[in-house]
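Here is how the chains run, residue by residue.
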Amino acid sequence: MARALFLWLILLPAAAMPARAADRPIRVLALGDSLTAGYGLAHADSFVPRLQAALDEKGGGITILDGGVSGDTSADALARLDWALGDAPDAAIVELGGNDGLRGLEPARMERNLTAILDRLRQAHVPVLLSGMYAPPNMGASYGQSFRTVFDRLSHRPGIMWDPFFLKGVAAHPELEQPDHIHPNPAGVGVIVQRLAPLVERLAQDARRS
């Protein structure tokens, strides 16, 4: 009986065999706030669909899971992280901190929350692309320095892929921003996606090796 089953498996066409884990798309959770969720934009113009389209063009075998919630602070994202991990991501983009800065929340508190998020993802064997943020200039130089130092420290954690600023090339460029001068417009999203897509491809490669 065992020998017959062995022969049947050998003769079974490859197309009929169950897909190997290595052959399925890598699932990347985009955990973020309104910048990830696409506040003020049509769905098709927002970050996750645009990133997915860019990756699909390259045939990367990557699926982006939309974990963006407008208004989320680092504490909010930490509170829903286990729920987000229910989708069994293989890797994660972490884009948080903007609302902590806008509300003037203590950078030390933000650091504790982000550290807990990164620890939880590491425990789940989920490699991370951490995207940094700056505090709004109107919060003052001292607050801004303390805020930024949090990301500088977290960027040195083992196994973290680091993107210094999610809005690089978009912030302070009115032609790439919505009227609130916070959120990117469709052209601004394009700038972000162009920069991040190669990093997400590298992240997926790390996930395949893990």
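The numbers attached to residues start from 1 for each chain and follow its sequence in the written order. Under the rules for a predicted model, residues below a pLDDT of 70 receive no local features and side-chain atom pairs below 80 are neither given nor counted, while totals for whole chains, interfaces and linings still include all residues. The side-chain figures draw on all heavy atoms in the structure; neither hydrogens nor water molecules are used.

For the rest of this paragraph, the subject is the overall build of the chain. Segments assigned H or I by DSSP are reported as helices when at least four residues long, segments assigned E as strands when at least two residues long, and all are numbered from the N terminus. Within the chain, the regular secondary structure consists of nine helices and five strands. Contacts: residue pairs with any heavy atoms within 4.5 Å of one another. Partitioning the contacts of the chain with sequence separation of at least 6, the portion at a separation of at least 24 is 77%. Here, Shrake-Rupley sampling with a 1.4 Å probe gives the accessible areas, and only protein chains in the shown set may cover a residue. When the accessible surface of the chain is summed, it comes to about 10,900 Å², and 58% of that surface belongs to carbon and sulfur atoms.

By definition here, a helix of n residues has an expected span of 1.5 Å times n minus one. For helix 9 (residues 186-209), which comprises 24 residues, the first-to-last C-alpha distance of 34 Å matches the rise-based estimate of 34 Å (1.5 Å per residue) to within 8%. Each residue is assigned a bend, namely the angle between axes fitted to the seven residues that terminate at it and the seven residues that start at it. Along helix 9, the sharpest kink reaches roughly 35 degrees, centred on Leu196 and followed within four residues by the proline Pro198. What qualifies as a polar contact is a pair of N or O atoms within 3.5 Å, subject to a donor-acceptor requirement within protein and to the restriction that residues adjacent in sequence count only when both atoms come from side chains. Capping of helix 9 at its N-terminal end is provided by Asn185; its side-chain oxygen lies 3.0 Å from the backbone amide nitrogen of Ala187.

Across the chain, the average pLDDT comes to 91, with 90% of residues at or above 70. Per-residue confidence from the prediction method is given by pLDDT, with values spanning 0 to 100. Within the model, pLDDT remains below 50 along residues 1-20, and this stretch shows two contacts once partners closer than five positions in the same chain are excluded.

Moving on, we come to the pairing of strand 5 (residues 160-163). Strands pair, by our definition, only if DSSP identifies at least two bridges between them. With four bridges joining them, strand 4 (residues 128-131) and strand 5 adopt parallel strand pairing. Residue pairing in the sheet places Leu129 in a bridge with Met161 of strand 5. Note on handedness: a crossover is taken as right-handed if, strands pointing away from the viewer, the path from the first strand over the helix to the second is clockwise. Each parallel crossover has a hand, and for strand 4 linked through helix 8 (residues 141-154) to strand 5 it is right-handed.

One open sheet holds the five strands; their spatial order is 2-1-3-4-5, and the pairing between them is parallel. Of all strands in the sheet, those bounded by a partner on one side alone are strand 2 (62-68) and strand 5. On average, each strand axis in the sheet is tilted by 20 degrees relative to the strand beside it, whichever way the strands run. Contacts from helix 7 (residues 107-123) reach strand 1 (26-32), strand 3 (91-95), strand 4 and strand 5, with the element oriented near 175 degrees to strand 3. Think of each axis as a best-fit line through the C-alpha atoms, taken over the contacting stretch in the case of a helix, with angles from 0 to 180 degrees between the N-to-C directions.

Our next topic: helix 7. In this model, helix 7 (17 residues) spans 24 Å end to end at C-alpha, consistent with the 24 Å of a helix rising 1.5 Å per residue. Looking only at helix 7, the buried set comprises Pro107, Met110, Glu111, Asn113, Leu114, Ile117, Leu118 and Leu121. In a view along the axis of helix 7, the buried residues occupy a sector of 165 degrees, so they form one face of it. Away from its buried face by more than 90 degrees, helix 7 exposes Arg112 and Gln123. Think of it in three bands: with a 1.4 Å probe and only protein chains considered, a residue is buried below 20% of the maximum accessible area for its type, exposed above 50%, and partly exposed in between. Comment: arc refers to directions from the helix axis out to C-beta atoms.

Below, the discussion takes up the pairing of strand 2. Summarising burial for strand 2: five of the seven residues are buried, a large majority. With seven bridges connecting them, strand 1 and strand 2 associate as parallel partners. The partner of Ala30 across the bridge, within strand 2, is Asp66.

Turning to the environment of Ala116, a few remarks are in order. Relative to the helices and strands, Ala116 resides in helix 7. Measuring from C-alpha to C-alpha, the distance between Ala116 and Leu81 comes to 10.0 Å, with 35 residues separating the pair along the chain.

All right, on to the packing of helix 3 (residues 47-57) against helix 9 then. One way to put it is that helix 3 packs onto helix 9 with a least axis distance of 9 Å and a crossing angle of 50 degrees. Considered as vectors, helix 3 and helix 9 are oriented oblique to each other. Considering how the two elements wind past one another, helix 3 and helix 9 form a crossing that is right-handed. Residues Phe47, Arg50, Leu51, Ala54 and Leu55 of helix 3 touch helix 9, and the partners they reach there are Pro186, Val189, Gly190, Ile192, Val193, Leu196, Ala197, Val200 and Glu201. Residues are grouped as follows: nonpolar covers Ala, Val, Leu, Ile, Met, Phe, Trp, Tyr, Cys and Pro; charged covers Asp, Glu, Lys and Arg; every other residue, Gly included, is treated as polar. Partitioned by chemical class, the residues of the contact of helix 3 with helix 9 number eleven nonpolar, one polar and two charged. To sort the angles, those under 35 degrees are grouped as roughly parallel, those over 145 as roughly antiparallel, those from 65 to 115 as roughly perpendicular, and the leftovers as oblique. We call a crossing left-handed when the near helix sits turned anticlockwise from the far one by less than a right angle, and right-handed when that turn is clockwise.

With their axes 9 Å apart at the nearest point, helix 7 and helix 8 run at an angle of 20 degrees to one another. Taken together, the axes of helix 7 and helix 8 lie roughly parallel to each other. Here the hand of the crossing between helix 7 and helix 8 comes out right-handed. Facing Pro107, Met110, Glu111, Leu114, Thr115 and Leu118 of helix 7, the residues of helix 8 in contact are Tyr143, Ser146, Phe147, Val150, Phe151, Arg153 and Leu154. By residue class, the composition of the contact of helix 7 with helix 8 is nine nonpolar, two polar and two charged.

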